[in-house]
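Report on the structure
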Amino acid sequence: MLSALALAILVQVPQTPSLAPGTSYDPDVPTVERVTGHPVTEAITPPEGVVAYMEALASAVPERTRLLHTATTWEGRSTVMLVIGNAERMARLDAIQADLKRLADPRGLDPAERDRLVRELPVVVAMIHGVHGNEASSSGAAMMEAYHLLAARNDERVDRIMAESLVLIDPMQNPDGRARFIFQNTIAGARWPDADPLAAEHDEPWPGGRVNHYLFDLNRDWFAQTQPETRGRVAALLDFMPHVVADLHEMGGNSTYYFPPNAIPGNTWTTEAQKELNDVFGQAMAAAFDARGFQYFNRDTYDAFFPGYGVSWPMAQGAIGATYEQASARGLVYARSDGDQLTYGDGILHHVTAALTTMDAAARNRERILRTFADFRSSAVEMGRSGTREYVLHSAHDPGMAERLARTLAENGIDVGRATEPVRVGGRTLPAQGTFIVPMDQPGYRLIRNLLDPHTPMDSAFVARQIERRANREPDQIYDVTAWSLPLLWDVELVRSERGTGAATTPVSAAPQDAGEASLPAAQVGYLLPWGTNGAAAVAEALREGIRVRSAGGGFQLGGRHFGVGTAIVRASDNGPDLARRLSAIAGRHDAEVVPVDHSYIREGTSLGSGRTRMLREPRILLVYDEPGSTNSAGWTRYVLERRYGQRTTAVRASTLGRAVLSDYDVIVFPSGNYDGVVGEGLRGRLQTWTRDGGTVVTMAESTRWAARTGLLSTTAERRGGRPEETAPKAPGTPEQPIDYLEAIAPVDEAPEQTPGAIVDVILDTDHWLAAGTDGEIGVMVEGSRIFTPITLDHGTNVGHYADVDHLVLGGIVWETAKPQLANKAYLMIEPVGRGQMVAFAEEPNYRAYAEATELLFMNAVLLGPGR
Ligand SMILES: [Zn+2]
């Protein structure tokens, strides 16, 4: 039987050359066409079809496959991973997996055993596809890779791959995005597939298929694992500890094909041996592509510095990682600017060629790859035995935050211990509660350094070149952010123990601990919930369940303990007789601390019954959705509200905002974006009236710039040098002195210097309810060129501002020229308007949902803001 690829395809679409010329296939193995009803290149297979095909292969060839269900997406679709190996190996898969894990953990592994494992174990090659749902050919290729491995009869490469390896195929990492792309492509489809790049079928409306349901870029979610697709995939991979991982993407239709060696800068913790193997794979790929006359490039654009990608996270675990990028037809056929027609089938052909070449190169280098992997893991343990012996993570003000961080590390395969006794470190004694210990002598050492160190150094020659480029007003070549340190973004203290604390611990597991339902004692006055991430989540649910909650308007001492502003007060007299039972169930679900109070006489601070104490109500939130808002910003914000904090939210399309009855809502959130086009003078006036009547508007990043420019907010977005955005640049006068050349060529008016994603220190006013639950200083993600002049005291309060120049940067790169203008500028502003207020963040508080500290500030605005 012929390959499905060899079948004729639509006459309007150029023929795709054969996938593997001369191969014959076992007719008992189902083709894509037999299962889905269409040849693989003729239609873009929907997610259900991709899964159905993998299921069909697994049931047709059960002795050489195992199909794993890895996750259910937010929209209810399945993600799967097909394990393929020879029959002998698959029969003892569980034993092999156990051995793979032993090779991955050199602790207690004797050298002879290690040598045996390297000699005998298969190389595990994971091919992962379609993380961006609109990069459609990737999943088409996945089906053909699996088909070829299981059905090809006379391909000696396949024989070698089966002899030496175990192959994992994740055909579709983002089914919800793929479904969205196919739907949009289909409803805009022409009678004949239209090659015009501007044709509606190629031009995806907001939000596009790249992202998942909550509009996350899943190729930035590998270590944070906020999304179910990522959690399921990572857990499955940790069960195999693959040695080679290739992530297959698509890029712009006028490109060619990209494979490693990756662009510099690579991640600091990548080893020379890994780079050498990257080159071995690169050469094999080049030979295969040259043999078939396919164009390609490498060492450009796609770097692997950020450890949250599908290429770099596996590398930080010791694998050989690769990103493959195919020019996208973004549909069935695309007219390239060079005059060629690019088809969906071409994408499949190139990806399958790359995938089979990768598997073959892995098979040919099996032992070297396994030895490199084992060396990586054992050198990691060695590195952790000299120098700092333990990273101690601690939060006194929000133990729940430290707990969540510890669980996230466990989800990354890192060993973390929960302190069960006070921990002595750095001349201090930390209480057991909120303290976690990460031993450094473990195979995940390099990933630990990546995720927990404040700063990951970037190649210095590369950085020097970027400084030169910036001086010439050329964009930098940094592909993503330059900082991601989780303790900084979560406001969890990191204390290094040089000799080891010796403190007793119990292991932390990835799954949330079931705190159980510790029943609350009856309390005469009621209960206090200290404010913080867990307290806020519990209060959101309590309000949703109709429990009446008040919020302390200032800090106070009670029972020898300090409670901060924002502490939730749940009074017995406000609620029914079953309060203790209901509240303990909710607190248990969120692991929130509840303090029973029998006497509320306050000697120091704000009385519980003070006029500053406020009754909270479940906020009715309108999230402005759709264009012109930023896709990611809207999605991250909706996720943090609905899923992280369980807060009901109504998403209203920006174009419909004018029809909304604003009085039906308490809070309106504008995700990052410029709303000039949708908020005209009339709507702006209604917004201002609604705010004066008690509404709370929350803006962030570009929507703060918009609010400042339209007069909703009394600050200005600065131009370079500090000039307000809306004033005219100064005309040059007549020089009396010879000119300074560099000064003379500097543009008269330009945006402030760009910051390529760094973590900057923000000082908070802890007496203000907007900063409730913080300790007064946090790290925030700053990305781009937004700088806001602090709001003046007659207009409002800067609840958070950037630190001074010397203390400004906590991690990553802020160019020297940018620092003076950024220092001391506004981060979090509040401007009272009548009975309501504007709350404005200079940056994105819900960044990738891995910035827990600023997410809490955002939740303060929506939970504690209304009715102030
Ligand atoms: Zn991609």
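Right, let's walk through the structure included here. For clarity, every value in this text was computed on a predicted model and none was experimentally measured.

Between helix α20 (residues 631-644) and helix α25 (residues 852-864), the least distance of the axes is 11 Å, while the angle of their chain directions is 75 degrees. Classified by the angle their axes make, α20 and α25 are roughly perpendicular. Residues T637, V640, L641 and R644 of α20 form the contact with α25, whose own contacting residues are E852, E855, F858, M859 and V862. Partitioned by chemical class, the residues of the contact of α20 with α25 number five nonpolar, one polar and three charged.

Take the side chain of E145 next. Structurally, the position occupied by E145 is in helix α6 (residues 137-151). Buried charge without a partner: E145 forms no salt bridge, and the closest opposite charge is R157, 11 Å away. A polar contact is formed between the side chain of E145 and the side chain of H129, at a distance of 2.9 Å.

Time to look at the pattern of salt bridges. This structure, assessed with the given rule, holds 59 salt bridges. With a closest N to O distance of 2.6 Å, R102 and E113 form a salt bridge. Highlighted residues: R102 in helix α4 (residues 93-104) and E113 in helix α5 (residues 111-120), separated in sequence by eleven residues. Two residues, R220 and D217, come together in a salt bridge whose shortest N-O distance is 3.5 Å. Judged by relative accessible area, which is 11%, D217 ranks as buried. Here the salt bridges share partners, and the residues they tie into one network are E135, R210, D217, R220, D480 and R848.

To continue, consider the coordination of the zinc ion. A four-donor tetrahedral metal ideally has 109.5 degree angles, and a six-donor octahedral metal ideally has angles of 90 or 180 degrees. Protein coordination at the zinc ion comes from H132 (ND1), E135 (OE), E135 (OE) and H249 (ND1), with a distance range of 2.0 to 2.4 Å. Each of the four donor atoms around the zinc ion contributes to a set of angles spanning 58 to 154 degrees, which defines the coordination as irregular. With relative accessibility at 2%, the residue H132 sits in the buried group. Looking at H249, the relative accessible area reads 2%, which means it is buried.

As a further point, take α20. The periodicity of an α-helix, 3.6 residues per turn, causes residues three or four places apart in sequence to face the same way. Over its 14 residues, α20 runs 18 Å from end to end, which matches the ideal 20 Å to within 8%, given 1.5 Å per residue. With eleven of 14 residues buried, α20 is to be regarded as a mostly interior element. Listed in full, the buried residues belonging to α20 are T631, S633, A634, G635, W636, T637, R638, Y639, V640, L641 and R644. Following α20 by one or two positions, G646 adopts a phi angle in the positive range, close to 60 degrees.

With that settled, consider the nonpolar core. With 251 residues, the main nonpolar core has L149, F670, Y802, Y850, F858 and V862 as its most contacted residues. Counting residues per element, this core draws most heavily on helix α12 (residues 344-364), at eleven residues. Beyond its immediate stretch of four places on either side in the chain, F858 contacts T637, V640, L641, V669, V698, M700, F841, P845 and N846. Of all hydrophobic cores here, the second largest spans eleven residues; its members include A552, F556, I569 and V597.

One open sheet holds the five strands; their spatial order is β17-β12-β16-β13-β18, and the pairing between them is antiparallel. The sheet is open, and its two borders are formed by β17 (493-497) and β18 (505-507), each paired with just one other strand. Within this sheet the neighbouring strands show an average axis-to-axis angle of 30 degrees, counted without direction. Of the strand pairs in this sheet, strand β13 (residues 417-419) and β18 are connected by three bridges, and their pairing is antiparallel.

To continue, consider the packing of aromatic side chains. Scanning all chains against the criterion turns up 32 aromatic pairs. Ring geometry for Y257 against Y324: centres 6.2 Å apart, planes inclined by 50 degrees, an arrangement best described as tilted. Taken together, the positions of Y257 in strand β6 (residues 257-258) and Y324 in strand β9 (residues 320-327) put the pair 67 residues apart, joining distant regions of the chain. Across this residue pair, the class does not change: Y257 and Y324 are buried. Between Y309 and Y479, the aromatic rings sit 6.5 Å apart at their centres with planes inclined by 50 degrees, giving tilted as the arrangement. Taken as a pair, Y309 in the loop between β8 (303-304) and α11 (312-316) and Y479 in the loop between α16 (460-471) and α17 (486-490) lie far apart in primary sequence, 170 residues in all. Overall, the relative accessible area of 34% leaves Y479 in the partly exposed class. Taken together, the ring pairs connect F223, Y258, F297, Y302, F305, F306, Y309, Y479, W484, W636, Y847 and Y850 into an aromatic cluster. Directly above the ring of Y625 sits R638, whose terminal nitrogen or CZ lies 5.0 Å from the centroid. The positively charged end of R644 is found above the aromatic ring belonging to Y645, 4.7 Å away from the centroid.

So, on to the sheet that holds β6. Across the sheet, which stays open at both edges, the seven strands sit in the order β1-β2-β4-β3-β5-β9-β6 with mixed pairing between neighbours. At either end of the open sheet lies a strand with only one pairing partner, and these are β1 (65-72) and β6. Sheet analysis places strand β5 (residues 244-251) next to β9, joined by eight bridges and oriented parallel. The residue bridging D247 from the neighbouring strand is T323, located in β9.

Moving on, we come to the environment of G776. One can find G776 in the loop between β30 (755-764) and β31 (777-784). When its relative accessible area of 11% is taken as the criterion, G776 is described as buried. Distance in space between the C-alpha atoms of G776 and T766 is 5.4 Å, their sequence separation being ten residues. Those residues within four positions of G776 in sequence are excluded, and the remaining contacts are V762, I763, L764 and T766.

Scoring rules and cut-offs
- Residues numbered from 1 in each chain as written.
- Predicted model: local features only at pLDDT ≥ 70, side-chain atom pairs only at ≥ 80, totals over all residues.
- Heavy atoms only, no water.
- Axes fitted to C-alpha atoms, helices over the stretch in contact; angles between N-to-C directions.
- Helix = DSSP H or I, 4+ residues; strand = E, 2+ residues; numbered from the N terminus.
- Parallel < 35°, antiparallel > 145°, perpendicular 65-115°, else oblique.
- Contact = heavy atoms within 4.5 Å.
- Nonpolar A, V, L, I, M, F, W, Y, C, P; charged D, E, K, R; others polar.
- Buried < 20%, exposed > 50% of the residue type's maximum accessible area, 1.4 Å probe, protein only.
- Lys, Arg positive; Asp, Glu negative; His and termini not counted.
- Salt bridge = Lys/Arg side-chain N within 4 Å of Asp/Glu carboxyl O.
- Polar contact = N/O pair within 3.5 Å; in protein donor to acceptor, adjacent residues only side chain to side chain.
- Donors = N, O, S within 2.8 Å, 3.2 Å for Na, K, Ca; no water.
- Tetrahedral: all angles 85-135°; square planar, octahedral: opposite > 155°, others 65-115°.
- Expected span 1.5 Å × (residues − 1).
- Core = buried A, V, L, I, M, F, W, Y, C linked by side-chain atoms within 4.5 Å.
- Pairing = 2+ DSSP bridges.
- Phe/Tyr/Trp six-rings, centres within 6.5 Å; stacked < 30°, edge-to-face > 60°.
- Lys NZ or Arg CZ within 6 Å of the ring centre and 35° of its normal.

So yeah, pure geometry; function would need other evidence.
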